[in-house]
Amino acid sequence: MFRRLILLLFLISNLSAHPVIFKNGKVFWLTQNPTYNDLRFGISKTSNWYIGFRLLEDRKEEKTFALMNNNILAKRWNNENSQANLYLLSSVGLNTKSSKVMSTVGVHGDWENRRFMVMEMLEYYSYNDSLVSNTRLAFSPFTVDYSKISTWLIAHYRVSYEDKNASEMFIPVLRIFKRNYLFEFGSNGKDSFVTFMIHY
Amino acid sequence: MKNLLSLVLLLSLVFSQSKVTIDNEEIDMNQNEAIVEVLGMVCSMCAFGIEEGFSKEEFVDKSKFSNGVLVDIDAKFVQLGLKKSSSVNPEAIYNVIQDAGYEVKKLYILKENQLTKYNVGKLNILEKELKENTPENIL
């Protein structure tokens, strides 16, 4: 259960927005659910490379992980009315008490326009030898001007392959954002989370 | 005399403005302004990086628009106020868009009654397509 919740946090926090932003753009990122606090801070050194620090705390188990994120925008397709991206993701860090190393590698692809978004992310986790597939389909019921609040309805589907077993999960997510502020809330009646993010 | 002054004022206003067509929409453009058509700018967070980049540039007139920048996500363009005193290097505008992770489709600069249009060529460099400096080409 613990491992699954950790995986859930990884995938949710990685899926909130683009893993790499504008040159010298900084990201502050906070996710909280009944069990965890997840804090991130990082900078896109270029428009293709993000590096940042992450502190993940399990309040119930009293475990904390200190991680370093390193994301690369491998390719972006800027089109007339849409955008598509291919990212390479990695993170490495330690359990602050046991000093056990944990690392992940992944690939993330997405396509979006003003109304729709499709995303797929595959990530491998070394500490439990698992592979996680995450799929998001999103729809914006109305398009708004830059200065107004944008709303997205997201269907999030996840499959985790671990010890020859596959577990799946579906979460509906509401995303709202305005300029550089983003807020997400998701719940399936069993699992829920809140995310706040700012770019500056 | 009053009529003559009014006419001069009207003409000066008319000749200091121009229009460019973006996404089938005519956009008013005043003296010391630039308009950049951007490929891939489809969300607010995308546009924020562009706005941030321009707001740090010396050549941008912060007294115009919002901190010197107006973003239109629907028509996918950014309008900039330019300082009268500074010369504008189109490459600098191009670099801000690239640093935000996006691409310039077209760039228009209206300065000293000259509307200059740039396209991005095959080698991904800005190419000056035409230079209009005759009054009849400035609406």
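Going by the structure above, here's the rest.
One structure accompanies this document, and this report is about it. Worth saying up front: this structure is predicted, and the values here are computed from it rather than measured.

1. Observations regarding the state of the cysteines
Residues and elements named next belong to chain B. Counted by the stated rule, this structure contains one disulfide over all chains. Covalent S-S linkage joins Cys43 and Cys46, the inter-sulfur distance amounting to 2.3 Å. Between Cys43 and Cys46, the S-S torsion sits near 90 degrees, and that sign places the bridge as right-handed. Accessibility classification places Cys43 together with Cys46 in one group, the buried group.

2. Overview of the pattern of salt bridges
Scanning the entire structure with this criterion turns up ten salt bridges over all chains. Residue Glu51(B) pairs with Arg179(A) through a salt bridge whose shortest N-O separation is 2.3 Å. With one member in each of two chains, Glu51(B) in helix α2 (residues 44-55) and Arg179(A) in the loop between β10 (165-178) and β11 (181-187) form a pair that bridges those chains. You can call Arg179(A) partly exposed: its relative accessible area is 26%. Across the pair Lys19(B) and Asp28(B) runs a salt bridge, and its minimum N-O distance is 2.6 Å. By relative accessible area, which is 36% here, Lys19(B) ends up partly exposed. The partly exposed category is assigned to Asp28(B), whose relative accessible area is 39%. Shared partners join several salt bridges into a network, and the residues in it are Glu80(A), Glu37(B) and Lys105(B).

3. Some points on the packing of α2(B) against helix α3 (residues 90-99) of chain B
Residues and elements named next belong to chain B. Direction vectors running N to C along α2 and α3 enclose 140 degrees, while the axes themselves pass 8 Å from each other. When the axis of α2 is compared with that of α3, the two are oblique. In the packing of α2 onto α3, the handedness of the crossing is right-handed. Contacts between α2 and α3 involve Ile50, Gly53 and Phe54 on the former and, on the latter, Ile93, Val96 and Ile97. Taken together, the residues of the contact of α2 with α3 sort by class into five nonpolar, one polar and no charged.

Criteria and thresholds
- Residues numbered from 1 in each chain as written.
- Chains lettered and ligands numbered in written order.
- Predicted model: local features only at pLDDT ≥ 70, side-chain atom pairs only at ≥ 80, totals over all residues.
- Heavy atoms only, no water.
- Disulfide = S-S within 2.5 Å.
- Buried < 20%, exposed > 50% of the residue type's maximum accessible area, 1.4 Å probe, protein only.
- Salt bridge = Lys/Arg side-chain N within 4 Å of Asp/Glu carboxyl O.
- Helix = DSSP H or I, 4+ residues; strand = E, 2+ residues; numbered from the N terminus.
- Axes fitted to C-alpha atoms, helices over the stretch in contact; angles between N-to-C directions.
- Parallel < 35°, antiparallel > 145°, perpendicular 65-115°, else oblique.
- Left-handed = near helix turned anticlockwise from the far one by under 90°.
- Contact = heavy atoms within 4.5 Å.
- Nonpolar A, V, L, I, M, F, W, Y, C, P; charged D, E, K, R; others polar.

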